[in-house]
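# Understanding the architecture of this molecule
So you can see what is in the structure, the chains are spelled out below.
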Amino acid sequence: MLQVSGLTKSFGANTVLHGVDFEVRRGEVVALIGPSGSGKTTVLRSLNGLETPDRGRLEFADGPSVDFTSPVPKATRTQLRDRSAMVFQHHNLFPHRTVLQNVIEGPVHAHKVPKAEAMARAEALLDRVGLSDKRDAFPFQLSGGQQQRVGIVRALALQPSLLLFDEPTSALDSELVGEVLLVLKELAEEGWTMVIVTHELAFARQVADEVLFFDDGVILERGAPKDLFTHPQHVRTRRFIDRIL
Ligand code: ADP
């Protein structure tokens, strides 16, 4: 579905990505793990145009193809943004809108889906994550886990080809993490293509098809979870895993 090649990015004098290459196949879950500051979020944000690399390419099988060496045309940027939907660490729901209004906002305003259709789709999705009874609630009336599930539904409602998750559980109290990971696991089983930045290594091990270990702006090691977690090739990977798992 997506080929990522040679992503390079500096913030001022600080080069944070030193040429990152990987691919994402349709229906696959790719987990990005590694120490804080190693460049995972910058890669994720680059995939949907929230961050602009200095060099490198993104090639979606069904378009667009983006070369960051030259300025990216506005139309290509829009295409790139529409390919994926991002779920953030903090849900970023509109506080003064109900759950249903939050979910239909993107489809109705950005994608011009008729309101009745957007509402029907939103209600079906809320039902799937067990939140039908919260459709008229405001975000402050929900638990952190419920808010994050609404955040996920909001991303699904955009019908993206690719779902991007930036540490979706790290802002949650530990007892609420499980319900959100369960939704992610179900989405993986349903065949959604997902790229997930996560510190939940046990989850990555269970759900990911491929794990990329980032260290200092490069992918130091990659592989199927059973190989990478059981037989890491690099001492830095081993140390990271041992410290967290
Ligand atoms: P990770 O997700 O692995 O924790 P990040 O991609 O968030 O890593 O950050 C990689 C590096 O880039 C860090 O050193 C961080 O401070 C720096 N960085 C990220 N975003 C910005 C920004 N907008 N301005 C300056 N530096 C940034």
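Note that the structure is a prediction, hence the values are computed from the model and not measured. (Residues numbered from 1 in each chain as written. Predicted model: local features only at pLDDT ≥ 70, side-chain atom pairs only at ≥ 80, totals over all residues.)

## Describing the pairing of strand 7 (residues 162-166)
Quick note on the threshold: Exposure classification rests on a simple neighbour count of other C-beta atoms within 10 Å of a residue's own: a residue reaching 20 or more is buried, one at 12 or fewer is exposed, and one in between is partly exposed. C-beta atoms are placed from the backbone. Helix and strand assignments come from DSSP, with helices taken as H or I runs of at least 4 residues and strands as E runs of at least 2, each series counted from the N terminus. Two strands qualify as a pair provided that DSSP identifies no fewer than 2 bridges between them. By the criterion used throughout, a crossover qualifies as right-handed when its path from the first strand across the helix to the second strand runs clockwise, the strands pointing away from the viewer.
Here strand 7 lies mainly inside the structure; 5 of its 5 residues are buried. Residues Leu162, Leu164 and Asp166 line one face of strand 7 and the alternating positions Leu163 and Phe165 line the opposite face, and both faces are buried. Two strands pair when backbone bridges link them, and strand 6 (residues 84-87) and strand 7 are joined in this way by 4 bridges, in the parallel orientation. Residue pairing for strand 7: Val87 is matched across the bridge by Phe165. The pairing of strand 7 with strand 8 (residues 193-197) spans 5 bridges and is parallel. Paired with Leu162 across the strands is Thr193, a residue of strand 8. The handedness of the strand 7 to strand 8 crossover, carried by helix 6 (residues 174-189), is right-handed.

## Notes on the sheet that holds strand 5 (residues 65-67)
Inclusion rule: Axes here mean lines fitted to C-alpha atoms, for a helix over just the part in contact, with angles spanning 0 to 180 degrees between N-to-C directions. Contacts are defined on C-beta atoms placed from the backbone: any two residues whose C-beta positions lie within 7 Å are in contact.
Reading across the sheet, the 4 strands line up as 2-1-4-5 and stay open at both edges, with antiparallel pairing between neighbours. What marks the edges here is a single partner per strand, and that holds for strand 2 (14-24) and strand 5. If you compare each strand with its neighbour and ignore which way they point, the axes differ by 10 degrees on average. Packing against the sheet, helix 1 (residues 40-47) makes contact with strand 1 (2-11), strand 2 and strand 4 (55-60), and its axis sits at approximately 60 degrees to strand 2.

## Description of the packing of helix 3 (residues 99-110) against helix 5 (residues 144-157)
Operational definition: Oblique is the label for any angle not under 35 degrees, not over 145, and not in the 65 to 115 range, which are roughly parallel, roughly antiparallel and roughly perpendicular in turn. Crossing handedness is defined as follows: a turn of the near helix away from the far one that is anticlockwise and smaller than a right angle gives a left-handed crossing, while the clockwise case is right-handed. Residues are sorted three ways: Asp, Glu, Lys and Arg are charged, Ala, Val, Leu, Ile, Met, Phe, Trp, Tyr, Cys and Pro are nonpolar, and all the rest, Gly among them, are polar.
The contact between helix 3 and helix 5 brings their axes to 8 Å, and the two run at 30 degrees. Classified by the angle between their axes, helix 3 and helix 5 sit roughly parallel to one another. The hand of the helix 3/helix 5 crossing is right-handed. Residue-level contacts link Val99, Asn102, Val103, Gly106 and Pro107 of helix 3 to Val150, Val153, Arg154 and Ala157 of helix 5. Among the residues making up the contact of helix 3 with helix 5, the classes are represented as 6 nonpolar, 2 polar and 1 charged.

## Thoughts on the UniProt feature "domain: ABC transporter" (unreviewed entry) in the protein
Just so we agree on the cut-off: UniProt positions are given in the numbering used here, feature names are shortened, and annotations may be inferred rather than shown by experiment.
Within this structure's numbering, the places UniProt gives as "domain: ABC transporter" (unreviewed entry) are residues 2-241. Between the C-alpha atoms that bound residues 2-241 there is a distance of 27 Å. The span itself is 39% helix and 25% strand.

## A look at the site of the ligand
Our working definition: Note on definitions: a residue is near a molecule or strand provided its C-beta atom, placed from the backbone, lies within 6 Å of it.
The immediate surroundings of the ligand are formed by Phe11, Val16, Gly34, Ser36, Gly37, Ser38, Gly39, Lys40, Thr41, Thr42 and Phe214. Examining the composition of the shell around the ligand, we find that 3 residues originate from one element, helix 1, more than from any other. Of the residues contributing to the shell around the ligand, the split by class is 3 nonpolar, 7 polar and 1 charged.

## Some words on the environment of Thr42
With respect to the element layout, Thr42 can be found in helix 1. According to the C-beta neighbour criterion, Thr42 is buried, with 21 such atoms within 10 Å. It is 20 Å that separates the C-alpha atoms of Thr42 and Pro160, two residues lying 118 residues apart in sequence. Excluding residues within four positions of it along the chain, Thr42 makes contact with Lys9, Val16, Leu17 and Glu51.

## Describing unusual backbone geometry
Phi is mostly negative for residues that are not glycine, and the peptide bonds are mostly trans. The residue after Gly63, namely Pro64, is reached through a cis peptide bond having omega 0 degrees. With respect to the helices and strands, Pro64 occurs in the loop between strand 4 and strand 5. Of note in the backbone geometry, Lys112 takes a positive phi value of approximately 60 degrees without being a glycine. In this fold, Lys112 is placed in the loop between helix 3 and helix 4 (115-128). Phi at Asp216 takes a positive value of approximately 50 degrees, unusual for a residue other than glycine. When you line up the elements, Asp216 lands in the loop between strand 9 (210-215) and strand 10 (218-223). By C-beta crowding, Asp216 is classed as partly exposed, having 15 other C-beta atoms within 10 Å.

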